[in-house]
Amino acid sequence: MDTKFIGKKSAAAGGWGALKSCGKRLLQSGMPISGARTMLKANQPDGFDCPGCAWGDPEHGSSFEFCENGVKAVAWEATEKRATPTFFADNTVSQLRQLTDYELELNGRLTHPMRYDALSDRYLPVAWEDAFAEIGSILAGLDNPNRAEFYTSGRASNEAAFLYQLFVRIYGTNNFPDCSNMCHEASGIAMRQAVGVGKGTVLLEDFEEADAIFVIGQNPGTNHPRMLGDLRRAAIRGARVVVFNPIRERGLERFSDPQDKIEMLRGGSTDIASLYLQPQLGGDMAAVRGMAKVVLAAEDAAVAAGLPSVLDHAFLAEHCAGFAQYKAAVEATNWADIEDQSGLSRQEIERAADVYVNAERVICTWAMGVTQHLHSVATIREIANFMFLRGNIGRPGAGLCPVRGHSNVQGDRTVGINEKPSEDFLDALEKHFRFSVPREHGHNVLAAIGAMLDGSADAFIGLGGNFARATPDSALVEKALRRLKLTVHIATKPNHSHLMPGETAFILPCLGRTEMDMNAAGNSQLVSVEDSMSMVHGSAGINRPASPHLLSEVAIIAGIAQATVGPAVVDWAELADDNDRIRDHIEATIPGFENYNKRLRKPRGFHLRNTAAHREWHTPAGKASFSSEALPEETVHQRARKGEGRFALQTFRSHDQYNTTVYGLDDRYRGVYGERQVIFIHPADLTAMNAKAGDRVDVIGEHDDGIERIAEDFRFVPYDIPRGSIAGYYPELNVLVPLGSAGRESDTPTSKSIMVSFRRRKAA
């Protein structure tokens with residue numbers, strides 16, 4: 001059996017392996033010298049915001065921070081390779097569809113606007129004016145604006161996102177499916193319920209003061225590597241880092257900082273996790289409930305012994321609602337259920353709780369390992385409950401920290417990309433721009449796909465991203481896109497979404513984050529983004545555009561808007577040429593952006609005030625609100641073990657990718673090389689199936705809707721993961737994620753809770 005793709009894992013995250021990988025990606029881009037020079041301007045006051053993750057920058061500023069994923073993102077965007085009209089002339093759409101995601105995007109940057117020609121099955125060049133006119137004609141000709149879907153990726157700037165939502169609302173709909181719907185929706189919903197604001201309550205400075213940091217369901221080594229620097233510094237000064245993650249992730253175990261010369265020369269590394277626990281998939285809520293049970297028992301013991309209180313009674317009395325009900329719910333939850341559902345022993349949970357009890361200041365941080373389950377909102381409410389017990393919110397070194405993915409996914413939501421906008425926001429738009437704003441809630445991602453499938457949607461506009469590969473149920477989504485009258489993709493590189501054209505289809509190439517955007521007066525335009533810590537900072541590209549035919553996202557949106565709704569409400573041409581004017585409108589309609597243009601031009605930008613961080617609770621109760629919800633009746637791993645040969649699957653990224661963008665085929669942190677169609681599985685589960693490393697299987701979806709879902713030809717990789725749970729990469733495994741399985745309240749696809757079985761493949 002061929003197992004050459006399974007190799008040695010990196011001894012630590014970062015280190016010389018990171019430097020080697022960065023050099024490889026810069027060489028692959030064809031621009032090693034200019035690419036390295038470009039990197040020195042990433043996340044700097046006079047440079048551009050990294051087009052990768054949304055990990056924050058410190059308010060007080062810092063020196064350049066090395067980030068492997070940042071280098072990969074910049075090299076990917078700043079490549080010298082070009083997907084010109086000749087590329088499309090030489091390849092039919094049907095031929096391009098046979099390429100992998102990696103192979104397709106290796107062809108480089110798009111250079112010209114393109115229109116699909118069904119007769120030749122090719123994309124052909126089109127003039128910008130003609131593209132705008134045809135798109136506008138089709139949109140204006142729909143019998144109802146709700147028959148169009150307007151998608152947004154987290155790479156869009158604040159200015160582009162605000163202009164986009166303004167155009168779409170003037171057009172007449174709130175159909176804003178966006179990337180948050182697929183990843184982070186549960187965090188926003190749960191935190192608004194718990195503390196009145198859907199954003200994290202901490203700054204990076206808080207990581208410098210925390211005594212303990214709980215990291216739940218996230219892998220910063222791959223997804224936001226700069227976070228490892230903050231965790232490393234915390235560990236060095238003695239803070240305890242407690243990890244809950246089903247997978248043993250190298251970045252959470254050890255990190256070698258490429259900027260620490262002594263550590264690099266010695267080949268050393270720093271231990272990150274002081275305690276690493278591996279719950280079963282979907283078991284996080286039970287684990288946190290168990291820790292709360294330990295804390296409440298410790299309080300009872302302290303009271304009985306006449307010792308100082310464990311709980312922060314002053315905080316609970318002054319700032320919290322629902323504590324008594326929550327305490328009763330915790331006490332009613334028995335340890336047998338907690339252990340069975342979490343997959344952890346009582347002793348393991350008690351060890352984690354002891355860290356919490358003995359820490360004065362605690363941060364809890366989480367990501368998609370928490371947000372992509374059926375009960376994600378309830379789990380995040382439980383995390384908030386746990387943090388309330390000792391007043392760990394609204395003071396230095398403590399707080400809630402949901403970590404977003406793409407660089408401006410949080411900012412897009414702040415400036416209006418929301419299918420369920422607040423009445424206050426709509427009122428402000430209506431007053432400022434003087435048009436009748438649509439009030440009916442629109443479609444999120446799953447609703448948009450449903451509308452495409454049932455024929456109630458006719459058009460799709462994608463502001464960045466790779467919708468078809470990011471969404472669940474890949475085969476159904478392809479069918480949904482190809483039945484539309486119009487598909488439009490605003491993009492920097494070709495991707496598989498472009499190969500699922502509607503009756504009329506366009507690819508509109510835009511400037512990247514690293515490129516200069518010059519207006520008519522010859523001035524370089526500045527855009528802005530908001531990171532996971534609510535820091536808003538400017539971004540100005542420094543490279544020449546990949547093609548003279550590229551337009552900014554703002555200019556493309558303005559061109560479509562002008563052709564669709566005309567200039568009666570907004571002078572689109574004026575806004576397309578002056579981002580400062582767009583920011584003036586943001587300032588006039590969204591609280592927190594006072595003196596936007598002036599503050600944006602200060603080094604490091606500015607912070608959007610977070611009311612919960614100041615213990616101001618904009619909840620119905622007017623206080624931080626406990627939730628007393630019971631544990632789920634059953635999690636995915638509990639369901640899976642009831643059936644013979646069934647497993648609970650989670651999808652995740654390899655170390656050589658970011659979201660749907662695949663930079664390479666190696667995952668050195670997990671010891672997989674040159675292969676992506678793999679399933680990580682416990683060695684004992686392989687033995688029980690009479691299987692071994694490298695065996696080939698088809699992965700069969702086990703959802704109960706009668707639809708056959710099969711991911712073909714995957715190979716087993718033995719790994720340190722709980723028995724009964726398995727893992728593999730997206731987008732390859734998205735075909736198994738059912739549209740009909742979504743988080744309660746969040747409507748987020750349950751990509752971490754997929755029931756599957758295996759079918760052996762015959763040897764070739």
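Each value, and the rule that gives it
- Residues numbered from 1 in each chain as written.
- Predicted model: local features only at pLDDT ≥ 70, side-chain atom pairs only at ≥ 80, totals over all residues.
- Heavy atoms only, no water.
- Helix = DSSP H or I, 4+ residues; strand = E, 2+ residues; numbered from the N terminus.
- Rg over C-alpha atoms; globule rule 2.2 N^0.38 Å.
- Contact = heavy atoms within 4.5 Å.
- Pairing = 2+ DSSP bridges.
- Phe/Tyr/Trp six-rings, centres within 6.5 Å; stacked < 30°, edge-to-face > 60°.
- Buried < 20%, exposed > 50% of the residue type's maximum accessible area, 1.4 Å probe, protein only.
- Axes fitted to C-alpha atoms, helices over the stretch in contact; angles between N-to-C directions.
- Parallel < 35°, antiparallel > 145°, perpendicular 65-115°, else oblique.
- Left-handed = near helix turned anticlockwise from the far one by under 90°.
- Nonpolar A, V, L, I, M, F, W, Y, C, P; charged D, E, K, R; others polar.
- Salt bridge = Lys/Arg side-chain N within 4 Å of Asp/Glu carboxyl O.
- Expected span 1.5 Å × (residues − 1).
- Core = buried A, V, L, I, M, F, W, Y, C linked by side-chain atoms within 4.5 Å.
- Polar contact = N/O pair within 3.5 Å; in protein donor to acceptor, adjacent residues only side chain to side chain.
- Disulfide = S-S within 2.5 Å.

## Some words on the overall build of the chain
In step 1: From N to C terminus, the chain includes 33 helices and 31 strands.
In step 2: Against the 2.2 N^0.38 benchmark of 27 Å for 764 residues, the chain shows a C-alpha radius of gyration of 25 Å, consistent with a compact globule.
In step 3: When its C-alpha atoms are laid out on the principal axes, the chain stretches across 80 × 65 × 55 Å.
In step 4: Pairs at least 24 residues apart make up 79% of the contacts formed inside the chain by residues separated by at least 6 positions.

## Let's talk about the sheet that holds strand E18 (residues 527–530)
Picture the strands of a sheet paired through backbone hydrogen bonds; they go either parallel or antiparallel.
In step 1: Across the sheet, 3 strands lie side by side as E18-E19-E20; this open sheet has antiparallel pairing. Two strands lie at the open edges of the sheet, namely E18 and strand E20 (606–607), each paired on one side alone.
In step 2: Note: strand E19 (residues 535–539) against E20, 2 bridges, orientation antiparallel. Its bridge partner being in E20, Met-535 is matched across the sheet by His-607.

## What about the packing of aromatic side chains?
In step 1: Within the structure shown, the criterion is met by 31 aromatic pairs.
In step 2: Pairing Tyr-151 with Phe-460 gives two aromatic rings, centres 6.2 Å apart and planes at 25 degrees, and the pair type is stacked. One end of the pair, Tyr-151, is in strand E6 (residues 148–152); the other, Phe-460, is in strand E15 (residues 459–463), with 309 residues separating them in the sequence. Judged on exposure class, the residue Tyr-151 and its partner Phe-460 are both buried.
In step 3: Seen in terms of ring centroids, Phe-214 and Phe-386 are 6.0 Å apart; in terms of plane orientation they differ by 75 degrees. Their pairing is edge-to-face. Linking Phe-214 in strand E7 (residues 212–216) with Phe-386 in helix H22 (residues 376–388), this pair joins segments that are 172 residues apart in sequence.

## Details of the packing of helix H10 (residues 185–195) against H22
In step 1: In contact at an axis separation of 8 Å, H10 and H22 are set at 45 degrees when each is read in the N-to-C sense. It follows from the interaxial angle that H10 and H22 lie oblique. Judged by the sense of rotation from one axis to the other, the crossing of H10 with H22 is right-handed. The segment H10 lies against H22, with Ala-186, Ser-187, Ile-189, Ala-190, Met-191, Gln-193, Ala-194 and Val-195 engaging Ser-376, Val-377, Ile-380, Arg-381, Ala-384 and Phe-388.
In step 2: For the contact of H10 with H22, the per-class residue count stands at 10 nonpolar, 3 polar and 1 charged.

## Regarding the pattern of salt bridges
In step 1: Applying the stated rule across the entire model yields 44 salt bridges.
In step 2: Three or more residues are tied together by salt bridges with common partners; here these are Arg-696, Asp-698, Asp-713, Arg-759 and Arg-761.

## Brief notes about helix H28 (residues 553–565)
In step 1: For H28, with 13 residues, the first-to-last C-alpha span of 18 Å sits near the 18 Å given by 1.5 Å per residue.
In step 2: All of the buried residues along H28 are Glu-553, Val-554, Ala-555, Ile-556, Ile-557, Ala-558, Gly-559, Ile-560, Ala-561 and Thr-564.
In step 3: Gly-566 lies just past H28 and shows a positive phi near 75 degrees.

## A closer look at unusual backbone geometry
In step 1: In this chain, Tyr-730 is followed by Pro-731 through a cis amide linkage whose omega measures 10 degrees.
In step 2: Structurally, Pro-731 can be placed in the loop between strand E30 (725–729) and strand E31 (754–760).
In step 3: At Asn-690, a position not held by glycine, the phi torsion is positive, near 60 degrees.
In step 4: Among the structural elements, Asn-690 can be located in the loop between helix H33 (683–688) and strand E28 (696–701).
In step 5: A positive phi angle, near 65 degrees, is found at Asp-713, a position not held by glycine.
In step 6: Here Asp-713 lies in strand E29 (residues 710–718).

## A word on H22
In step 1: For H22, spanning 13 residues, the distance from its first C-alpha to its last is 18 Å, which sits close to the expected 18 Å at 1.5 Å a residue.
In step 2: Counting buried positions over the 13 residues of H22 gives 13, a clear majority of the element.

## Some details on the sheet that holds E7
In step 1: If you walk across this open sheet you meet the 5 strands as E11-E8-E7-E13-E14, and the pairing is parallel. At either end of the open sheet lies a strand with only one pairing partner, and these are strand E11 (275–277) and strand E14 (399–402). In this sheet, adjacent strand axes meet at a mean angle of 15 degrees when their direction is disregarded.
In step 2: Sheet analysis places strand E8 (residues 240–244) next to E11, joined by 3 bridges and oriented parallel. When the bridges of E11 are listed, Val-243 appears paired with Tyr-276.
In step 3: On the sheet, H22 packs against E7, strand E13 (362–366) and E14 and is oriented at approximately 175 degrees with respect to E13.

## Things to note about the nonpolar core
In step 1: With 61 residues, the main nonpolar core has Val-195, Phe-214, Phe-244, Phe-388 and Leu-389 as its most contacted residues.
In step 2: Tallying contributions element by element places helix H16 (residues 284–305) first for this core, with 10 residues.
In step 3: Contacts of Phe-388, omitting those with residues within four sequence positions, involve Ala-194, Val-195, Phe-315, Leu-316, Cys-320, Ile-393, Ala-624, Ser-625 and Phe-626.

## Here we look at the pairing of strand E22 (residues 647–652)
In step 1: Within E22, 6 of the 6 residues are buried, leaving the element largely enclosed by the surrounding structure.
In step 2: Across 3 bridges, the pairing between E22 and E31 is antiparallel. The partner of Leu-649 across the bridge, within E31, is Ile-754.
In step 3: Where E22 meets E30, 5 bridges bridge the pair, whose relative direction is parallel. Its bridge partner lying in E30, Ala-648 is registered against Ser-725.

## Overview of the environment of Asp-531
In step 1: Structurally, Asp-531 can be placed in the loop between E18 and E19.
In step 2: Considering only alpha carbons, one finds Asp-531 and Trp-55, 476 residues apart in sequence, at a separation of 6.1 Å.
In step 3: At 2.8 Å, the side chain of Asp-531 forms a polar contact with the backbone nitrogen of Met-533.

## Here's the deal with the state of the cysteines
Here a disulfide denotes one covalent bond, and it connects the sulfur atoms of two cysteines.
In step 1: Using the criterion set out here, one finds 0 disulfides in the structure.
In step 2: Counting only cysteine sulfurs, Cys-183 is the nearest neighbor of Cys-179, a cysteine outside any disulfide, at a range of 6.4 Å.
In step 3: For Cys-179, a relative accessible area of 13% corresponds to the buried category.
In step 4: Free of any disulfide, Cys-510 has its nearest neighbouring cysteine sulfur in Cys-179, separated by 15 Å.
In step 5: The class for Cys-510 is buried, based on a relative accessible area of 4%.

What is shown is where atoms sit, not what they do.
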